[in-house]
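The residues making up each chain are set out below.
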Amino acid sequence: MSEPMRYQLTDDELPTTWYNLVADLPEPPPPALHPGTLEPAGPEDFAPLFPMDLIMQEVTQDRFVEIPGEVLDVYRLWRATPLHRARRLEAALETPARIYYKYEGTSPAGSHKPNTAVPQAYYNAKAGVRKLTTETGAGQWGTALSFACQMFGLECEVWQVRASYDQKPYRRAMMQAFGATVHPSPSDVTEYGRSLLAADPNNPGSLGIAISEAVEVAAQDPEVRYALGSVLNHVLMHQTVIGEEALLQMAKAGDTPDLIIGCTGGGSNFAGLTFPFLREKLAGNISPTIRAVEPAACPSLTRGVYAYDFGDTAGMTPLMKMHTLGHDFIPDPIHAGGLRYHGMSPLISHIHELGLIEAESVNQTDCFAAGVRFARTEGIVPAPEPTHALAATIAEALACRESGEEKVILTALCGHGMLDMAAYDKYFEGAMVDYEYPSEQVAEALSRIPQVPA
Ligand SMILES: *Cc1c(COP(=O)(O)O)cnc(C)c1O
């Protein structure tokens, strides 16, 4: 009998609740603030943007929140996702470490993003909303929300960062296949976009600018709401289906992780895999080290300041206390578009401050080297974002080869790279560059974050 490489769950074993880490923390995370009054933002401050069910999930203290049957029915199109043991990678690395990866690339969008897009579309449809607006950087979130809107009969309008819109026509086509309208951002359909284009018709855009455009349109029309693909508490909570499944699958494999590694852009796939394990750690049942990996060119968690800042570039959102590089910092054009965000989720930032997780940053050429190594052993071409987690995983496994330690490593393979092959092309041509940490631009952007008295 050969050794198992994949651990599946039956439909009956699918999680039926999301997990809210806030319920188990020794201190609650600092509240979001109204940008005008600097008082804690109340539900009514979010009401122009989000339906009440999601606002309540954003602030709930409940440990578990039931997943609605309508959402489970859509999840079942691709969940549970498989947990793999990376035996061929282990053999190639000649490591005594045991490497597991939870693979989210089997979803309709090719990443973890539909885990939250589906419930967000569901709660909006339930509240009578007609259309959702959003931004997309790499194109993964826009694809996920387009698909989810289609499941619940909503219209979907997406602002895709101009650089990505031009470089990734197939992501745009995929959003259109799922029924969405897609604009390059900055666009001429919003006031903010027009003001930026007047100053520079070739503005390449950024995630923060695209958020400002999508928020502007949603705030003006009572039948339109906005959806965010990462950062917020309710988004992180929806993603915990990943970790709840992985807990059951690791039990089937008969192993307990010593180290859990995930990449962080806004923090949602990392939270999704790790929070249920962190619950078990806080309860004293297991004791894994939990590590976030981010790009050296956009290192909010390892090099940012922990302060109140805006979530978008124009300064329209409530203020959130988070690790930030400054809301108008525009990161270098690394290929992991999903990790090019100036801030980190407030909840991830908070637990980093509490010492519950650690963080490191890596350069993109090391990441692509890891991605290629993974593709040639495990047969999956990873998205550029999770190659950050893979680079850290491989470095750990090689350290185990030296020390002889049989460490159990669990990593989040949050998406496939089938629509990111232009980035791999650059790597194979030898044309991919690493960017130095942009200390001057960050210092400048940090001088413009809002001043909030302690
Ligand atoms: C969006 C995205 C990310 C970054 O977002 P998180 O909220 O940090 O998960 C990472 N990987 C993939 C594949 C993505 O689509």
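Residues numbered from 1 in each chain as written. Predicted model: local features only at pLDDT ≥ 70, side-chain atom pairs only at ≥ 80, totals over all residues. Heavy atoms only, no water.

A. Representation of the overall build of the protein chain within the structure. The helix and strand tally for the protein chain stands at 19 helices and 15 strands. A compact globule built from 454 residues would reach a C-alpha radius of gyration of about 22 Å, and the protein chain, at 21 Å, matches this within 12%. Over its C-alpha atoms, taken along the principal directions, the protein chain stretches across nearly 65 × 50 × 50 Å. At a minimum sequence separation of 6, the contacts of the protein chain that also span at least 24 residues come to 76%. Counting every atom, the protein chain has about 17100 Å² of accessible surface; 50% of that belongs to carbon and sulfur. Here the protein chain contributes 32 positive and 56 negative side-chain charges, whose respective centroids are spaced 5 Å apart. (Helix = DSSP H or I, 4+ residues; strand = E, 2+ residues; numbered from the N terminus. Rg over C-alpha atoms; globule rule 2.2 N^0.38 Å. Contact = heavy atoms within 4.5 Å. Areas by Shrake-Rupley, 256 points an atom, 1.4 Å probe, with all protein chains shown as cover. Lys, Arg positive; Asp, Glu negative; His and termini not counted. Charge placed at Lys NZ, Arg CZ, Asp CG, Glu CD.)

B. Seen up close, helix α12 (residues 241-253). Here α12 contains 13 residues, and its C-alpha end-to-end distance of 18 Å stays within 8% of the 18 Å for a straight helix at 1.5 Å per residue. Those residues of α12 not exposed but buried are V241, I242, G243, E244, E245, A246, Q249, M250 and A253. Downstream of α12 by a residue or two, G254 has a phi angle that is positive, lying close to 75 degrees. (Expected span 1.5 Å × (residues − 1). Buried < 20%, exposed > 50% of the residue type's maximum accessible area, 1.4 Å probe, protein only.)

C. Layout of a nonpolar patch on the surface. Residues M52, M56 and V59 make up a contiguous nonpolar surface patch of roughly 270 Å² in combined accessible area. Residue placement: V59 occurs in helix α2 (residues 52-59). (Patch = residues over 30% accessible without salt bridge, like charges linked within 9 Å, V, L, I, M, F, W, Y side chains within 5 Å. Salt bridge = Lys/Arg side-chain N within 4 Å of Asp/Glu carboxyl O.)

D. Quick look at the packing of aromatic side chains. Following the criterion strictly, the structure yields 13 aromatic pairs and no others. By way of ring pairs, the aromatic residues Y75, W78, F147 and F178 are connected into one cluster. In this arrangement the basic side chain of R172 is found over the ring face of Y165, its NZ or CZ atom lying 4.5 Å from the centre. One cation-aromatic arrangement involves R279 over Y19; the distance from NZ or CZ to the ring centre is 4.6 Å. (Phe/Tyr/Trp six-rings, centres within 6.5 Å; stacked < 30°, edge-to-face > 60°. Lys NZ or Arg CZ within 6 Å of the ring centre and 35° of its normal.)

E. Just the pairing of strand β6 (residues 131-136), in detail. Counting buried positions over the 6 residues of β6 gives 6, a clear majority of the element. Here β6 runs beside strand β7 (residues 155-161); their pairing, made up of 6 bridges, is parallel. Bridge pairing links E135 to W159 in β7. A crossover connection joins β6 to the parallel β7 through helix α6 (residues 140-151); in handedness this β-α-β unit is right-handed. Pairing of β6 with strand β9 (residues 224-226), which is carried by 3 bridges, proceeds in the parallel orientation. Bridging across to β9, L132 finds its partner in R225. (Pairing = 2+ DSSP bridges. Right-handed = clockwise from strand over helix to strand, strands pointing away.)

F. Summary view of the pattern of salt bridges. A full pass over the atoms with the stated rule returns 25 salt bridges. Across the salt bridge formed by E245 and R79, the nearest N and O atoms sit 2.8 Å from each other. Placement of the pair is E245 in helix α12 and R79 in the loop between α3 (69-75) and β4 (83-85), with a sequence separation of 166 residues. Here the two residues E245 and R79 agree in accessibility, since each one is buried.

G. A look at the site of the ligand. The environment of the ligand is formed by 16 residues, the closest being K113, S230, G265, G267 and S268. At 2.7 Å, a side-chain N or O of S268 approaches an oxygen atom of the ligand. Computed on the free molecule, the ligand has an accessible area of 380 Å², of which 97% lies beneath the protein chains in the complex. Each of two domains, domain 1 (6-13 + 79-110 + 239-446) and domain 2 (22-67 + 113-233), supplies a minimum of three residues to the shell around the ligand. (Near = heavy atom within 4 Å. Polar contact = N/O pair within 3.5 Å; in protein donor to acceptor, adjacent residues only side chain to side chain. Domains from an automatic or database assignment.)

H. Main features of the packing of helix α5 (residues 114-126) against α6. Closest axis-to-axis distance for the α5/α6 pair is 8 Å, and the angle between their directions is 40 degrees. Considering the angle they form, α5 stands oblique to α6. The hand of the α5/α6 crossing is right-handed. Of α6, the residues touching α5 (which contributes P114, T116, A117, V118, Q120 and A121) are W141, A144, L145, F147, A148 and C149. Looking at the contact of α5 with α6 residue by residue, the class counts come to 10 nonpolar, 2 polar and no charged. (Axes fitted to C-alpha atoms, helices over the stretch in contact; angles between N-to-C directions. Parallel < 35°, antiparallel > 145°, perpendicular 65-115°, else oblique. Left-handed = near helix turned anticlockwise from the far one by under 90°. Nonpolar A, V, L, I, M, F, W, Y, C, P; charged D, E, K, R; others polar.)

I. Inspection of the domain arrangement of the protein chain at higher detail. As assigned here, the protein chain comprises domain 1 (6-13 + 79-110 + 239-446) and domain 2 (22-67 + 113-233). One C-alpha centre belongs to domain 1, the other to domain 2; they are set 22 Å apart. Contacts between domain 1 and domain 2 engage 44 residues on the former and 44 residues on the latter. Across the interface of domain 1 and domain 2, roughly 3500 Å² is buried in total on both sides, 68% from carbon and sulfur atoms. Looking only at domain 1, the three residues that lose the most surface to domain 2 are P108, A109 and L419, adding up to 16% of its buried area. Here domain 1 is connected to domain 2 by 1 salt bridge. A salt bridge links K168 to D420; the nearest nitrogen and oxygen atoms lie 2.7 Å apart. Counting every contact that joins domain 1 to domain 2 gives 13 residue pairs in polar contact (both at pLDDT 80 or more). Listing elements by their share of the side of domain 1 that touches domain 2, those giving two or more residues are α12, α13 (268-282), β12 (305-310), β13 (319-324) and α15 (346-353). (Buried area = accessible area lost by both parts, 1.4 Å probe.)

J. Expanded view of the side chain of N115. Relative to the helices and strands, N115 resides in helix α5. Accessibility expressed as a relative area gives 0% for N115, which makes it buried. Looking at N115, its side chain comes within polar contact range of the side chain of E104, at 3.2 Å. Every residue in contact with N115, bar those within four places of it in the chain, is listed here: Y75, W78, R79, E104, H238, Q239, V241 and I242.

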